[in-house]
Amino acid sequence: MRTTWTITQWVAGLVIAVAATPQLCHGPTQPSPPPVEPADLVLLEAFWPSPAVKKVLAELGYDTLVQITPKRFWSNRTNLFDVARYERFIWTPNDEGAVPRAFGSAQRYGIPPGYDGWVLLDLEKWDPLFRPDDFDDETVRRRVADYKNLIAATRRLRPKAKICWFGLVRGPLGGRSGELIEQIVRLADGISVPMFSNLRQDYRNLDHQIEIHQSRLKACLALKKKYSLKVLPVLSKRHNVKVGRGILRDEAGTPIRMIPPPHVQRRIIETALSIEHEGMRVDGVILWWKDNGLLATQTDLDTIPDTPDQAAADRSDVQFARMVAEAAAKR
């Protein structure tokens, strides 16, 4: 059953106060912990900002990330990676698209020739990797090959690009699934951690969501130590509204994604930037959401009632981007 959404009072919920109390050491000297890396952080965005927001992002130190999705490399006919398609569509500068041309940057058209920035490979065909025992061996083998072929083709076509996998690590790796994922992840320069939350209207499950994010971050940081990968969590200004075992939808059945209050946003941001595991910390952040695409196309992929127009979307973009940049500067 879908839940119909009506605007009700949002409970501010949850005020976090952390007090640090110095501890006296007694007894034998404890071994020193491994050194924590310096705080230089890469700030990246992949949400096609408006021209006004893009100017602020540049002032805050953000660079643009290229996100590469299956429309550029996947064959729906064979259900496999298609290298010929990728060669044709890795760079499509004449593609007008639905979002106004002034939004975003050149990277909205794929990976430009000679590009030396970050590329996020987004191939969400990962079920045989997450649950290999549910699939026959040939299906698993083909899917691993798809991922490896995608990164090999990207290396060949854009040798200067830095490559990051999206969403392949969802927690501690183990067993056959962990072995398969490691085979793929170690071929890249970085891994991303989607820190998208399913939060109840009163935010009482925030602690549980933070625990999930921490588990994923620690798994990625362990891989960083093993393979010298960069770890770049993906942060969104929005969250799914959790109701029962599902998420809140409007009368048409469209998922509703809301902007939480600043103290909730800060808690998630601080989780990403402050976590340390085996001497490793994250190397930067990626900002991602799709307000501008929804506003321009009036599609029903999501409902975003709290930013009904471009001015409201821009204000929330700047607020969140500034919040992340300020937190990064303090790390």
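On a predicted model such as this, the values are computed, not experimentally measured, just so you know. (Residues numbered from 1 in each chain as written. Predicted model: local features only at pLDDT ≥ 70, side-chain atom pairs only at ≥ 80, totals over all residues. Heavy atoms only, no water.)

## Overview of the pairing of strand 11 (residues 239–243)
Heads up, the rule is: For two strands to be treated as a pair, DSSP must find no fewer than two bridges joining them. In DSSP terms, a helix is any run of H or I states spanning at least four residues, a strand is any run of E spanning at least two, and both are numbered starting from the N terminus.
The pairing of strand 9 (residues 198–199) with strand 11 spans two bridges and is parallel. Opposite asparagine 198, over in strand 11, you have asparagine 240 as the bridge partner. Here strand 11 runs beside strand 13 (residues 257–258); their pairing, made up of two bridges, is antiparallel. Across the sheet, the residue bridging to histidine 239 is methionine 258, located in strand 13. Across two bridges, the pairing between strand 11 and strand 12 (residues 246–247) is antiparallel. Each bridged residue has a counterpart across the sheet, and for lysine 242 the counterpart in strand 12 is isoleucine 247. Adjacent in sequence and paired antiparallel, strand 11 and strand 12 are bridged by two residues, among which glycine 244 carries a positive phi angle near 60°.

## Overview of the sheet that holds strand 7 (residues 162–165)
Note the following rule: Note on definitions: a residue-residue contact is assigned when non-hydrogen atoms from the two residues lie within 4.5 Å. Axis definition: a line fitted to C-alpha atoms, over the contacting stretch in the case of helices. Angles run 0 to 180 degrees between N-to-C directions.
The strand order across the open sheet formed by eight strands is 2-1-14-10-8-7-6-3, and the pairing between neighbours is parallel. Looking at the sheet topology across the chains shown, the edges are occupied by strand 2 (63–64) and strand 3 (66–68). Here helix 9 (residues 310–330) sits on the sheet and contacts strand 1 (42–45), strand 10 (230–235) and strand 14 (284–287); the angle it forms with strand 14, its principal contact strand, is near 180°.

Nothing here speaks to function; it is all geometry.
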